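What follows is each chain in one-letter form.
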Amino acid sequence: MTSDTRPDEDGAVTPATQRRAPGGRVALRGDLRAALPDATAAVVVTALVFAFLYARMGSGASDTVAVMPFMDDPGTYWMYLLSQAFGWSGLLWAWGTVMLGLLLSGPRPARLPVSRQVLERWHRTTSLTTMALMSAHALMFAAELVRYETKVAWAERLWVAFADSFVPGWYDSGTGRIAIPLGQGALYLAIPLGLLFYVRHRIGANTWRRLHRFVIVVYVLSVWHTLLYGTNVWYGEWPRTALWLLQLPVAVLLLLRLLKPARRAEKLGPPGGGTARPAWWARAAGRAVAAAVVVGLIAVVVSDRDGGRDRPAHQPATAPHAQETD
């Protein structure tokens, strides 16, 4: 989830403290060390979110309990709550790293609170932290399924939990039939797209840039997964509207990045001005779609029609899916 501009492409001098591989390349090992403070902050945020969700479930005020009343025991379902907490912190970190990437690859602000090199490093470290949080979210969901599937032997419990969590199309219960493959798609795209930055000297900078543009797809899939399956934003109430509202600055920065890209080669220009017509129309369509998304997000927030469900008068009492049997 690194930006599509190289840290040194503007002729800036890289600080001596920045760990680079031979030839001036940024090394993954150095970024992993630099990500330790960021990852520590993510763990703290996850712990706070977990404590909040645990307390709300224990008090009966949790929306998760409203959706699935059988989950009214936080002591039993703590792994599910931890999966939720990792998911929320992962989405927050994804939001931050995408915002940094768009800021770095779009119009250059006249003043930045820190140097561009620091922003680049933050972007890379938050990207690594996001991948770890997404993975932890999926693993804790699988762990909860292992605990849940009590009617079969351990080997089958492990297989069912793995398949439901990591095999696209395997989970077959309710909204999860769509939402879980979306989350899996986000995870399976995020890891290679994020790590390709560290081997771009092998695949070529232009190839890396073309592939890296799909990072925005990772973020869209993550938000879509949350809106469909996040029980804390299940109903059409303020938490769901707030989640929609947080997407507005992302969409605005994306539109600005497309209208005024940092790289001259990506500027739209007049039709036929050195750019093949199919490529020109594709870029123009991308800008039009981004503008439509901005308008759509404003309409969602203003109209309060955010796709949320109505809170039912009689709460459901079904489990997430029937347990497997021999």
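Residues numbered from 1 in each chain as written. Predicted model: local features only at pLDDT ≥ 70, side-chain atom pairs only at ≥ 80, totals over all residues. Heavy atoms only, no water.

### Digging into the overall build of the protein
A tally of regular secondary structure across the protein gives twelve helices and two strands. N-terminal to C-terminal, the α/β element order of the protein is β-β-α-α-α-α-α-α-α-α-α-α-α-α. Looking at the protein as a whole, 42% of its 326 residues are labelled buried. A fraction of 73% describes how many contacts in the protein between residues 6 or more apart in sequence connect residues 24 or more apart. Accessible surface, the protein as shown: approximately 16600 Å² in total, 66% of it carbon and sulfur. (Helix = DSSP H or I, 4+ residues; strand = E, 2+ residues; numbered from the N terminus. Buried < 20%, exposed > 50% of the residue type's maximum accessible area, 1.4 Å probe, protein only. Contact = heavy atoms within 4.5 Å. Areas by Shrake-Rupley, 256 points an atom, 1.4 Å probe, with all protein chains shown as cover.)

### Notes on the nonpolar core
Met71, Tyr80 and Phe141 are the most contacted members of the largest nonpolar core, which has 38 residues in total. Put simply, the parts of the chain that give this core at least two residues each are helix H2 (36-59), helix H3 (63-67), helix H4 (78-105), helix H5 (116-148), helix H6 (154-166), helix H7 (176-195) and helix H10 (215-229). Examining the composition of this core, we find that eight residues originate from one element, H5, more than from any other. Ignoring sequence-local partners within four residues, the contact set of phenylalanine 141 consists of Tyr80, Ser83, Ser165, Tyr171 and Ile180. (Core = buried A, V, L, I, M, F, W, Y, C linked by side-chain atoms within 4.5 Å.)

### Here we look at the side chain of aspartate 306
Its place among the elements puts aspartate 306 in the segment after helix H12 (277-303). Although aspartate 306 is buried, it makes no salt bridge; arginine 240 carries the closest opposite charge, 4.0 Å away. There is a polar contact of 2.9 Å between the side chain of aspartate 306 and the side chain of threonine 241. With sequence-adjacent residues up to four places away left out, aspartate 306 is seen in contact with Gly236, Glu237, Arg240, Thr241, Trp244 and Val300. (Lys, Arg positive; Asp, Glu negative; His and termini not counted. Salt bridge = Lys/Arg side-chain N within 4 Å of Asp/Glu carboxyl O. Polar contact = N/O pair within 3.5 Å; in protein donor to acceptor, adjacent residues only side chain to side chain.)

### Points about unusual backbone geometry
Notably, aspartate 304 is not glycine yet its phi reads approximately 65°, a positive angle. Along the polypeptide, aspartate 304 turns up in the segment after H12.

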